[in-house]
Amino acid sequence: MEYYVLTLFPEMIEQGMNTSIIGRAIEEDILHLKAVNIRDYTNSRHGKTDDYPYGGGAGMVMQAQPIYDAYRSVADGLSYRPRVIHLTPQGRVFDQEMARELALEKGLVFLCGHYEGIDERVLDEIVTDNVSIGDFVLTGGELPAMCMMDAIARMIPGVLHNEESAEDDSFGDGLLEFPQYSRPECWNGIHVPPILLSGDHAKVDAWRREQSLIRTAQRRPDLLEKAAISPKEREFVKNYLANRDEQ
Ligand code: ADE
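Presented here is a report on the structure given in the accompanying data block. (Residues numbered from 1 in each chain as written. Predicted model: local features only at pLDDT ≥ 70, side-chain atom pairs only at ≥ 80, totals over all residues. Heavy atoms only, no water.)

1. Points about the site of the ligand
The ligand sits among L87, T88, P89, V131, S132, I133, G134, F136, V137, L138, G140 and P144. One nitrogen or oxygen atom from the main chain of T88 is found 3.1 Å from a nitrogen atom belonging to the ligand. Within the complex, 95% of the 260 Å² of free accessible area of the ligand lies under protein. Among the detected pockets, the ligand sits in the largest pocket. (Near = heavy atom within 4 Å. Polar contact = N/O pair within 3.5 Å; in protein donor to acceptor, adjacent residues only side chain to side chain. Areas by Shrake-Rupley, 256 points an atom, 1.4 Å probe, with all protein chains shown as cover. 1 Å grid on protein atoms, 1.4 Å probe; cavity = no way out; pocket = protein on both sides within 12 Å on 5 of 7 lines; lining within 4 Å. Sits in = over half its atoms within 2 Å of the grid points.)

Laid out in structure tokens, this is it:
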């Protein structure tokens, strides 16, 4: 997977992506990351990349020319037409399903805006996907791009090693992950659920599944509708919620 990030703050991307699992995947050549400084492509003698908005109003607008040329510097070197993701609160909200789908691409270009926005003409010309990471407004697209690249990278074979397997993740089957415990058996007077010490794998699996169902019902009931759960499990959740409401 090749990631190209068009940004005014390439060092933010490089520093943010160079540690831990993603940093290791880059080192192992499973991931390639290039942060392209939009400022390097401006025709302005003063290195300007933004200007006042036509029609007036507060803030500055990122100009079309440097962004388009930065994009061309990437796209012209590729044998395929990459999807270009514009990070914006006006986009479709990113989720695990989108991460899984984007992980199938050969490469992705992320366009990070700043200031009040980007000249609409260059967006019309190059953007294939407008994506938001949630209903709140950030100062720029760099953090959203990094969130997306991290979530997508985890779906690419080889990025997670065995011990970090994505199988049991929250959202794997549309449910939240079960609670985890580690040593010691008793901490602060609180014991680990005894079933986890039983050595009975079938029972542990059943308990974890139940905990996933309960946790999802408690914290994100909106996810249950689309979750991959059996009719029996649906019944279990219904009973759980009914009994809880009675208490
Ligand atoms: N840029 C600013 N806010 C954003 C958000 N919530 N998602 C994606 N890009 C953004």
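Still more to cover.
2. Focus: the sheet that holds strand β4 (residues 61–62)
The three strands are arranged β3-β4-β7 in an open sheet whose pairing can be described as mixed. The open sheet has two edge strands with one neighbour each: β3 (50–51) and β7 (117–118). Of the strand pairs in this sheet, β4 and β7 are connected by two bridges, and their pairing is parallel. Paired with V61 across the bridge in β7 is G117. (Pairing = 2+ DSSP bridges. Helix = DSSP H or I, 4+ residues; strand = E, 2+ residues; numbered from the N terminus.)

3. Overview of the nonpolar core
If you look at the biggest cluster of nonpolar residues, it comprises 30 residues, and the most contacted ones within it are Y3, L31, F94, F110, M148, M149 and I152. Going through the elements one at a time, β1 (2–7), α1 (10–17), α2 (20–27), β5 (83–93), α4 (96–102), β6 (107–112) and α6 (142–153) are the ones with two or more residues in this core. If one sorts the elements of this core by residue count, α6 sits on top with seven residues. Apart from the residues lying within four places of it in its own chain, the contact partners of M149 are Y3, V5, I13, M17, L33 and F110. Counting residues in hydrophobic clusters, the runner-up holds 21 residues, among them A70, L78, V122 and I126. (Core = buried A, V, L, I, M, F, W, Y, C linked by side-chain atoms within 4.5 Å. Buried < 20%, exposed > 50% of the residue type's maximum accessible area, 1.4 Å probe, protein only. Contact = heavy atoms within 4.5 Å.)

4. Section: the packing of aromatic side chains
On inspection of all chains with the given rule, the structure shows two aromatic pairs. Residues Y3 and F110 carry aromatic rings whose centres are separated by 5.8 Å and whose planes lie at 70° to one another, so their mutual orientation is edge-to-face. With Y3 in strand β1 and F110 in strand β6, this residue pair connects regions lying 107 residues apart in the sequence. Geometrically, the ring pair formed by Y68 and Y71 is tilted, given 6.3 Å between the ring centres and 45° between the ring planes. In this pair, Y68 and Y71 both sit in helix α3 (residues 64–75), three residues apart, roughly one turn of the helix. What makes Y71 buried here is its relative accessible area of 5%. (Phe/Tyr/Trp six-rings, centres within 6.5 Å; stacked < 30°, edge-to-face > 60°.)

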